[in-house]
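Listed here are the chains, written in short residue letters.
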Amino acid sequence: MMKTHTCGELREKDAGTPVQLAGWVNRRRDQGGLIFIDLRDRWGITQVVVDLESAPEAHAVADSARNEYVLAIKGNVRIRPEGTANPELATGDIDIVADEIVILNQSRTPPFYINKDEGNVDEALRMRHRYLDLRRETMQKRILLRHKTVKFIRDFLEAEDFIEIETPILFKTTPEGARDFLVPSRLQPGMFYALPQSPQQLKQLLMVGGFERYFQIARCFRDEDLRGDRQPEFTQLDLEMSFVEREDVMRLMEELATAIVKSVTPEKRLIAEPFPRINYWDALEQYGTDRPDIRFDLRAIDISEIAGRCAFPVFVENVKAGKKVKCMRVPAVAGALSGTQLRKAAKDLENMARRHGAKGLAYITIPTDPEGELRGPIGKFFNVDLKLELIEAMGAEGGDLLLFMSDRDEIVYAVTDALRSHFKAEMDLDDNLLAFCWVIDFPEFIWDAENERWDPSQHMFTMPLPEDLDLLDSDPGSARGSQYDMVCNGYEVGGGSIRIHDRAIQEKIFPLIGQSMEQAMREFGHMLEAFEYGAPPHGGMAWGIDRLVMLLAGAPNIREVIAFPKTQNGTDIMANAPSIAEPEQLSELFLQLVHPDAED
Ligand code: ASP
């Protein structure tokens, strides 16, 4: 070993010890006869002092060293002279007086600072030199946190008698609502593997295989347009259990999530224990989304009953036509604004609502004086009694802004979600607060108007709730699935369900989701067959590890917690992937390119 100690561990008690350290030059200060080098490795920083008089050769080497050079150092630990200790540094009470320094490797000047957080370095530049970006303290901490989280999960599940089993990457379509990545087979000309969108079928088959408690830290692949919280390949904690009901899986997963937060990130606070449970439709009605951020309480409240009695013709007509009128109370906003500012703010919000398909966004403001008039264009349509009813229904106070939405449900949901995101951005929410909640009672299917068929709300293997099983025949749209999603701070951390383990029920799903039995047999015949050989009742869940670690790290997106992520357009700009294939490779795979630019 080139090092006897790390750069993070030496303390006062080690004074006098001869040591060898190795690492990177974090910073070098030349004070003529003395050169100070902050030597950095994964564990910390230690100051090395090189004295021209006592170690002239080492001094000459130190003189030529630059930031990010890799050095090996021999020397002795010394308590720093009076008044020069650095309380910012764990090793700040000591330094190493160097006898010998070897340059193990040189470094060009890095394109951005490694030794301080510049904050606004261009992400493309960081990605192009990701190996340098990873050396930065923030990234080191995030990757370490990821390791600790995964390790904790493994230990926890092992203690709960789960075993980790690997499943293949080269497989067959495992639909989770995205496009498949295909891999051409050389040995079977014209045939393709699909990379797993999740190990869903395989983990179910492991239950048929008698393992009862399985998990895997699994890589999944989904070819879809990327957003901040998506990557073409990502990591799941994938888990499945036999002989369980919905409550059993939810209880275990909630225990695991709580234990992770308490042990890996004790500085974080959980907003509520046990995690609140929200019905899917309530989530949509109140928050406009099935992954609500419940750290703040802006909600859309149905006030159709009151609005139907006001004198505003649009509301009255809408309520008659069976549309809802919903209201969101934004506390204290209006009180702080002048009339002109308020009109401008309301116009901006209305424009946002229009971008989501709404025809407008009515508003009023609540007077600070209880006798005062409602302000805003539709204030005059509420008489005194209705005004009081409205204030009571909304729990409104003087200075509040009330926003009104009335449209088709999908539009109201979208506007509710957009308004909440807008105000959230202004709120400076505490990232140390983790607001986990469960969303349950999803519909089994969601109507796909374009293709005129039902789409599974989760995936095609989700068991309907036992009391809704009969609805598969009579009214599939009303059947609720056994799906449960775990949501945190507005992100879906994971989802799961109790699965169908009965061939007859599974066979009912295919025609509903627009698949012929022939196609179903081709793609999923192995599942149907397996269900005929004593498949146990089973259920499970998967978490997005990247998203979970992002939340634990308080990072702005999942690329910040993945060592080598793809950029927003799915490329690795460090290694230039994807890249062209050589003509011989294509012909071995019996492939011909028809892309217009293929010739180039
Ligand atoms: N396979 C599902 C997914 O990847 C999770 C599950 O149902 O366990 O979202």
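The preceding data block contains the structure.
A brief structural summary. Counting restarts for each chain, with residues numbered from 1 along the sequence as it is written. For a predicted model such as this one, the threshold for reporting local features is a pLDDT of at least 70, and the threshold for listing and counting side-chain atom pairs is 80 or more; totals across whole chains, interfaces and linings nevertheless cover every residue. The side-chain values count all of the structure's non-hydrogen atoms but skip hydrogen atoms and water molecules.

## Points about the overall build of the protein
- Looking only at helices and strands, the protein features 17 helices and 23 strands.
- Along the first, second and third principal axes, the C-alpha atoms of the protein reach 95 × 75 × 55 Å.
- Burial classes: relative accessible area under 20% of the type maximum marks a residue as buried, over 50% as exposed, and values in between as partly exposed (1.4 Å probe, protein chains only). For the protein, the proportion of its 600 residues judged to be buried stands at 47%.
- When contacts within the protein are restricted to residue pairs at least 6 apart in sequence, long-range pairs at least 24 apart make up 68% of them.
- Split by element, the accessible area of the protein, about 29,900 Å² in all, is 51% carbon and sulfur. Per the convention used, a helix needs a DSSP run of H or I reaching at least four residues, while a strand needs a run of E reaching at least two, with both numbered from the N terminus. What makes two residues a contact is simply this: any of their non-hydrogen atoms within 4.5 Å. In these tables, accessible area is a Shrake-Rupley quantity obtained with a 1.4 Å probe, and a residue counts as shielded only by the protein chains included in the view.

## Remarks on the packing of aromatic side chains
- The pairing test for Phe, Tyr and Trp rings, Trp by its six-membered ring, is centres within 6.5 Å, and the orientation test on the planes gives stacked under 30 degrees, edge-to-face over 60, and tilted for anything in between. For the coordinates displayed, the defined rule picks out 13 aromatic pairs.
- Considering the side-chain rings of Y280 and W281, the 5.0 Å spacing of their centres and the 80° angle between planes classify their relative orientation as edge-to-face.
- Relative accessible area serves as the criterion here: at 8%, Y280 is assigned to the buried category.
- A relative accessible area of 44% means that W281 is categorised as partly exposed.
- Ring geometry for F510 versus F524: centroids 5.9 Å apart, planes at 10°, classification stacked. Of the two residues, F510 is situated in helix 14 (residues 503–512) and F524 in helix 15 (residues 517–530); the sequence distance between them amounts to 14 residues.
- Of the residues examined, F510 reaches a relative accessible area of 0% and is grouped as buried.
- Exposure remark for F524: the relative accessible area of 0% places this residue in the buried category.
- Taken together, F312, F315, F381, F382 and F404 form an aromatic cluster joined through their ring pairs.

## A word on the site of the ligand
- When at least one non-hydrogen atom of a residue lies within 4 Å of a molecule or strand, that residue is treated as near it. As a structural note, the neighbourhood of the ligand is formed by 13 residues, with E176, Q200, K203, Q458 and R499 the closest of them.
- The side chain of Q200 places a nitrogen or oxygen atom 2.6 Å from a nitrogen atom of the ligand.
- R499 has a polar side-chain atom sitting 2.7 Å from an oxygen atom of the ligand.
- The fraction of the free accessible surface of the ligand (270 Å²) that becomes covered by protein chains is 92%. A 3.5 Å cut-off defines polar contacts: any pair of N or O atoms within that distance qualifies, except that in protein one atom must be a possible hydrogen donor and the other a possible acceptor, and neighbouring residues in sequence count only when both atoms are side-chain atoms.

## Observations regarding the sheet that holds strand 2 (residues 34–41)
- Spatially, 1-2-3-5-4 is the arrangement adopted by the 5 strands of the closed barrel, whose pairing is mixed. Averaged over all pairs of adjacent strands, the angle between strand axes in this sheet comes to 55°, irrespective of strand direction.
- One requirement defines pairing of two strands: DSSP has to find at least two bridges between them. Of the strand pairs in this sheet, strand 4 (residues 70–79) and strand 5 (residues 94–105) are connected by 10 bridges, and their pairing is antiparallel. Looking across to strand 5, one finds that R78 is bridged to D95. Under this scheme, a helix contributes an axis fitted over its contacting stretch, all axes are lines through C-alpha atoms, and angles between N-to-C directions fall in the 0 to 180 degree range.

## Overview of the pattern of salt bridges
- Salt bridges, as used here, are contacts in which a Lys or Arg side-chain nitrogen is within 4 Å of a carboxyl oxygen on Asp or Glu. Under the defined criterion, the tally for this structure stands at 51 salt bridges.
- In this structure, R130 and D133 form a salt bridge, with 2.6 Å as the shortest nitrogen-oxygen distance. Within this pair, R130 and its partner D133 are both found in helix 3 (residues 130–133), separated by 3 residues, close to a single helical turn.
- Judged by its relative accessible area of 1%, R130 falls in the buried class.
- A relative accessible area of 0% means that D133 is categorised as buried.
- E240 is the salt-bridge partner of R499, the closest N and O atoms lying 2.8 Å from each other. With R499 in the loop between strand 22 (491–498) and helix 14 and E240 in strand 10 (residues 233–242), this residue pair connects regions lying 259 residues apart in the sequence.
- What makes E240 buried here is its relative accessible area of 0%.
- Residues participating in the shared-partner salt-bridge network are D117, R126, R130, D133, R136, R142 and E560.

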